[in-house]
Amino acid sequence: MSTSGTTAPATGGSAVRSGVAATARGGWWGFLGSTVNAVFGYVLVALVTRGLGAYGAGAVFTCVAAFTILCNACKLGADTGLVRFVPGDLAITGGRKVGALLRSAVVPGALASTTAAALLFLSPGTATALLPSLAPGDAVTLVRLFAVFLPLATVTLILLGATQGHGTVIPYVGVEQIGKPVLRVLIAVPVLLLAPGVLSLAAAWLVPSLAGFLIAGLALRRCRRRSTGHVPVRQTVVRETATRRGFWAFAAPRAVSSVFDISAVWLGVVLLSSLATSEEAGIYTAVGRVVIAATLLQLAIRLAVAPEISRLLALGDLAQASHLHRVSTRWIVLFSWPLLALLTSFPGTVLSLFGPEFEQGAGALVLLCLASAVNVGVGNAQTVLLMAGKSTWHLAVTGVAFAVQLTVGFLAIPRLGVLGAALSWGAATVVENVVAAVLVRRHPGFPFIDGGYLLATAVALFLTAPLVVTARLLAGDTAVGLAVAITVGLCAFGIGLWRFSTPLGVRELAGVLRERTP
């Protein structure tokens, strides 16, 4: 993906193509990274669950859930703030405020994460409450191990947000989606063979954070050398106060909404561990991995589209930004809905790869796939809302969704277990995305349903899904049925892509990816 420099922006059709090309190339890298992340994340969950069983795996992934939530809380929305402000500053001033933006982002995040880590060390009661199934000493040791790596992981996310703002997704993909997942598996395999245990496998998950921190710092240094200019000291000091105020006016609401966002993924694991059993928490973790893998294209395009939309809105080019949102949504729908149809039809077969006991999560997987269909159906509406500067609106949306998830979770999990956790996450997903789509339609005025969207829906669902469902009815939820469904579904999908490649934007996407990146 090409970086945004100081040159004047293109206009007309060339600018539209430039934004689409940047999104396509960045989306390709994001897709590659998301695929590797999904595969190796899947392998890691399978290794941990088979090595420790659902009980031990539940303890490890409960700590992973809490750690992930804390990382996203302690970064205080600074990474999204950098994605929001850095592209505009590079486009308008050549990057004169980037240094001030980085100082405004990194220092508070480092202080917050260090404070949180210290509190975890000094409050063993938190560990025993989070992991009631473990022996108290083991629970305290496990939580303290995660606390050691909390500041490193938090600052890494902020630094990678800055590299995204400079117009490249490669450092984020390399660290978070390829480097860490691959290293975790490479470390976990010998650990399982030589010293399997909850603490040793938790360490295998955490150690790659150190390498990620170092690489993120080096990548940002390279981005700054290529993009930012020199500003006199006095001028920088004057600007830094105003820059800090504007930055945190946006980032402060995002700091809270980012906690809601990541909690939506991991809240079910924590509630199951506390209100049900560690075994159910382990099963739900596997279900969540599959669902996240099914939406990996949306996550990939989000990485690329966010800085592009921020840059276009900073330049006042609403038409190009709206076009970019519509095209990217069309691609997400086209390639994501067929996969969700497959998972909905064969949930037991997919989950059996983790082990026979995980098949009881089939109902939860079906429910979450239906909710995810709504999620991918509105594209990256929440990202558009944030890049338009509406972080307070996004906070309200995510706050309502979190309240829905928490309420449904407390009511449903004690009775329904894994299915109750899925019900709570699914309800929150639908509420959050529908409301966000309505708000984006209102401001900045981005519709996402057009003729291309309807055609993508027809190819993705009405052409492919009936064949998948027929295979399920004839062969059942079996490996043979899944293989048949994939075969006939791919044939129908491929014919649809070939027949409607131009209106679907597939020909444009393929042409961009064939070109050499500037």
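Here, every reference points to the structure presented above.
Residues numbered from 1 in each chain as written. Predicted model: local features only at pLDDT ≥ 70, side-chain atom pairs only at ≥ 80, totals over all residues. Heavy atoms only, no water.

A. Spatial organisation of the overall build of the chain. A tally of helices and strands in the chain yields 22 helices and zero strands. Relative to its 518 residues, the chain shows a buried fraction of 55%. Sequence separation of at least 24 residues holds for 84% of the intrachain contacts in the chain that already meet a minimum separation of 6. (Helix = DSSP H or I, 4+ residues; strand = E, 2+ residues; numbered from the N terminus. Buried < 20%, exposed > 50% of the residue type's maximum accessible area, 1.4 Å probe, protein only. Contact = heavy atoms within 4.5 Å.)

B. Examining the nonpolar core more closely. One finds Phe 67, Leu 131, Phe 146, Tyr 284 and Phe 354 to be the most contacted residues of the largest nonpolar core, which totals 115 residues. Sorting elements by how many residues they give to this core places helix α1 (residues 12–74) first, with 17 residues. Setting aside anything within four residues of it in sequence, one finds Phe 146 in contact with Val 60, Cys 63, Val 64, Phe 67, Ala 202, Trp 205 and Leu 206. One finds Leu 90, Val 98, Leu 101 and Phe 247 within the second-largest nonpolar core, a separate group that totals 19 residues. (Core = buried A, V, L, I, M, F, W, Y, C linked by side-chain atoms within 4.5 Å.)

C. Quick peek at the pattern of salt bridges. For the coordinates displayed, the defined rule picks out six salt bridges. Put simply, Lys 75 and Asp 79 hold a salt bridge, and the shortest N to O gap is 3.0 Å. For Arg 330, the salt bridge goes to Asp 450, with nearest N and O atoms at 3.3 Å. Of this pair, Arg 330 sits in helix α12 (residues 318–345) while Asp 450 sits in the loop between α17 (418–442) and α18 (451–462), and the two are 120 residues apart along the sequence. When salt bridges with common partners are traced through the structure, they connect Arg 326, Arg 330 and Asp 450 into a single cluster. (Salt bridge = Lys/Arg side-chain N within 4 Å of Asp/Glu carboxyl O.)

D. Main features of the packing of aromatic side chains. Enumeration according to the criterion identifies nine aromatic pairs in this entry. Judged by centre distance (5.8 Å) and plane angle (85°), the ring pair of Phe 85 and Phe 250 falls under edge-to-face. Taken together, the residues span a long stretch of sequence, with Phe 85 in helix α2 (residues 78–93) and Phe 250 in helix α9 (residues 233–275) at a distance of 165 residues. Clustering of aromatic rings is evident, with ring pairs tying together Phe 85, Phe 247, Trp 248 and Phe 250. Arg 84 extends its terminal NZ or CZ atom over the ring of Phe 85, reaching a point 5.4 Å from the ring centre. The residue whose ring lies beneath Arg 84 is Phe 250, and the NZ or CZ to ring-centre distance is 5.9 Å. (Phe/Tyr/Trp six-rings, centres within 6.5 Å; stacked < 30°, edge-to-face > 60°. Lys NZ or Arg CZ within 6 Å of the ring centre and 35° of its normal.)

E. Structural view of the side chain of Glu 432. Note that Glu 432 resides in helix α17. Despite its burial, Glu 432 remains without a salt bridge, the nearest opposite charge being carried by Arg 254 at 7.0 Å. If we ignore the near neighbours within four places in the chain, the residues touching Glu 432 are Asp 261, Gln 382, Val 397, Thr 398 and Ala 401. (Lys, Arg positive; Asp, Glu negative; His and termini not counted.)

F. The arrangement of unusual backbone geometry in detail. Its identity as a non-glycine residue notwithstanding, Leu 76 has a phi of 60°, on the positive side. Inspection of the secondary structure puts Leu 76 in the loop between α1 and α2. Assessed through its relative accessible area of 23%, Leu 76 is described here as partly exposed.

G. Structural view of a nonpolar patch on the surface. Together, Trp 28, Trp 29, Phe 31, Leu 32 and Ile 170 line one region of the surface with nonpolar side chains, adding up to about 430 Å² of accessible area. If you tally residues by element for the nonpolar patch, the top one is α1, at four residues. (Patch = residues over 30% accessible without salt bridge, like charges linked within 9 Å, V, L, I, M, F, W, Y side chains within 5 Å. Areas by Shrake-Rupley, 256 points an atom, 1.4 Å probe, with all protein chains shown as cover.)

H. Highlighting the environment of Val 305. Within the fold, Val 305 resides in helix α11 (residues 296–314). Since its relative accessible area comes to 2%, Val 305 is described here as buried. For the pair Val 305 and Val 384, spaced 79 residues apart in the sequence, the C-alpha separation amounts to 8.7 Å.

I. Seen up close, the side chain of His 325. For His 325, the position within the fold is in helix α12. In this structure His 325 comes out as buried when scored by relative accessible area, which is 1%. With residues up to four places along the chain from it excluded, the contact list for His 325 reads Val 378, Asn 380, Ala 381, Val 384, Val 440, Phe 446, Pro 447 and Phe 448.

J. Up close: helix α19 (residues 465–475). Those residues of α19 lying buried are Ala 465, Val 468 and Ala 471. Viewed end-on, α19 has its buried residues packed into an arc of 125°, placing them on one side of the element. Along α19, exposed side chains directed more than 90 degrees from the buried face belong to Leu 473 and Leu 474. Its buried side turned inward, α19 meets α12, α18 and α20 (479–499). Phi for Gly 476, located one or two positions after α19, is positive at around 80°. (Arc of directions from axis to C-beta.)

K. Seen up close, α12. Taking 1.5 Å of rise per residue, 28 residues should cover 40 Å, and α12 covers 40 Å from first to last C-alpha, within 8% of that figure. Residue Ser 336 marks the point of greatest curvature in α12, where the axis turns by about 30°; the proline Pro 338 follows within four residues. In terms of residue burial, α12 counts as a mostly covered element, since 21 of its 28 residues are buried. (Expected span 1.5 Å × (residues − 1). Bend = angle between axes of the 7 residues up to and from the residue.)

L. Main features of the environment of Asp 89. With respect to the helices and strands, Asp 89 occurs in helix α2. On the accessibility criterion, Asp 89 (7% relative accessible area) is buried. For Asp 89 and Ala 314, which are 225 residues apart along the polypeptide, the C-alpha to C-alpha distance reads 8.4 Å. Residues in contact with Asp 89, not counting those within four places in the same chain, are Gly 94, Gly 95, Arg 96, Lys 97 and Val 98.

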